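Residue-level structure breakdown
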Amino acid sequence: MLILNKTAGVFFKPSKRKVYEFLRSFNFHPGTLFLHKIVLGIETSCDDTAAAVVDETGNVLGEAIHSQTEVHLKTGGIVPAVAQQLHRDNIQRIVQEALSASRISPSDLSAIATTIKPGLALSLGVGLSFSLQLVGQLKKPFIPIHHMEAHALTIRLTNKVEFPFLVLLISGGHCLLALVQGVSDFLLLGKSLDIAPGDMLDKVARRLSLIKHPECSTMSGGKAIEHLAKQGNRFHFDIKPPLHRAKNCDFSFTGLQQVTNKRIMKKEKEEGIEEGQILSSAADIAATVQHTMACHIVKRTHRAILFCKQRDLLPQNNAILVASGGVASNFYVRRALEILTDATQCTLLCPPPRLCTDNGIMIA
């Protein structure tokens, strides 16, 4: 509620005239009788402006998304004020495209659902304010959505998954392990004590200046690391996974980033180059960081599986592990998780890559 109050009225409030003109732009006949409830989902928690129209059976009727990746690549990371302005510039168009693709009139919506937390306050405020204006004009129910719960439940759109199941959410902004016992019933087992894995990858990629690498210039930091790691030797550098003695399910990635930075500095001195130039061993460093991160994620997840099975919180056989979030679309991490689930008689399920990253579908 704190974030809801903080973001509702301060950052972005479209005028009633703009919202009215937006609604008038639809030529579909209002009042059509639909057999299912239909929800418009709006997502602006970070750097993607997304919207989707989904019915209660899980059918995606229309969607649209605007990625800010290209802009943030140039600034070396997400600048909240820049992200906010880009959301402001694109939210009306994106919602309009999603509704147009669905062939649903705004008046035929059953409700409007919007991410309210967690995320960047400036970004959240844009989606929330726009949604509340729509809700007021259309007199429709408003459904506040927790971003991480949406990620956790996305798998139920694409697979028949019964409760309970274990979920691993790993992205640029979040990292957690939770037992999902119901739609709004989560038992948190572990979380990152510092930064998220995707954030760590982005920072390592920036320190390696991979944006200057001819093969990685148009990629996000995480994608650049994954791409370059395929050409490197993951055992070239010896880096121990974080928290290897900790008897819990928490994560930590700051130490890995700091150790990697020291290795990079050492190699720069050895090769006689300055910061900002590409190391000849960049691919080996990328491979080592990715491998160490994957090992850390797998070990903490293994502890969570053992904990849940020992306490009969998950079935002994064919328990489900769902991996979602941007880092879950990293194929090296996914393969490591497959090895784990095979060894523990579990089944690994991952949403399609386009549903692993932020999107309006999961919100709707």
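As annotated in an unreviewed UniProt entry, the chain carries the name N(6)-L-threonylcarbamoyladenine synthase and is attributed to Piliocolobus tephrosceles. The UniProt entry for the chain carries the following comment under Catalytic activity (unreviewed entry): "L-threonylcarbamoyladenylate + adenosine(37) in tRNA = N(6)-L-threonylcarbamoyladenosine(37) in tRNA + AMP + H(+)". Listed under Subcellular location (unreviewed entry) in UniProt, the entry text for the chain is "Mitochondrion".

What follows deals with helix α8 (residues 197-207). Of all the positions in α8, only P197, G198, M200, L201, V204, A205 and R207 are classed as buried. Against β6 (165-170), β7 (175-182), α9 (221-229), α10 (254-271) and α11 (282-310) lie the buried residues of α8. At the exit of α8 stands S209, carrying a positive phi of roughly 55°.

Turning to the pairing of β7, a few remarks are in order. Of all 8 residues in β7, 7 are buried; the element is thus mostly enclosed. Sheet topology places β6 next to β7; 6 bridges connect them, and they run antiparallel. Across the sheet, residue I170 finds its bridge partner in β7, namely C175. Pairing geometry for β7 and strand β8 (residues 185-191), over 6 bridges, is antiparallel. Looking across to β8, one finds that A178 is bridged to L188. With antiparallel pairing between neighbouring strands as the criterion, β7 and β8 make up a hairpin whose turn holds 2 residues.

Here α8 crosses α10 at 10°, and the two axes come no closer than 10 Å. In terms of orientation, α8 lies roughly parallel with respect to α10. Taken together, the residues of α10 that come into contact with α8 (itself represented by M200, K203, V204 and R207) are L256, Q257, T260, N261, I264, M265 and E268. Counted by class, the contact of α8 with α10 contains 5 nonpolar, 3 polar and 3 charged residues.

Rules of the game
- Residues numbered from 1 in each chain as written.
- Predicted model: local features only at pLDDT ≥ 70, side-chain atom pairs only at ≥ 80, totals over all residues.
- Heavy atoms only, no water.
- UniProt positions renumbered as here; feature names shortened; annotations may be inferred.
- Buried < 20%, exposed > 50% of the residue type's maximum accessible area, 1.4 Å probe, protein only.
- Helix = DSSP H or I, 4+ residues; strand = E, 2+ residues; numbered from the N terminus.
- Contact = heavy atoms within 4.5 Å.
- Pairing = 2+ DSSP bridges.
- Axes fitted to C-alpha atoms, helices over the stretch in contact; angles between N-to-C directions.
- Parallel < 35°, antiparallel > 145°, perpendicular 65-115°, else oblique.
- Nonpolar A, V, L, I, M, F, W, Y, C, P; charged D, E, K, R; others polar.

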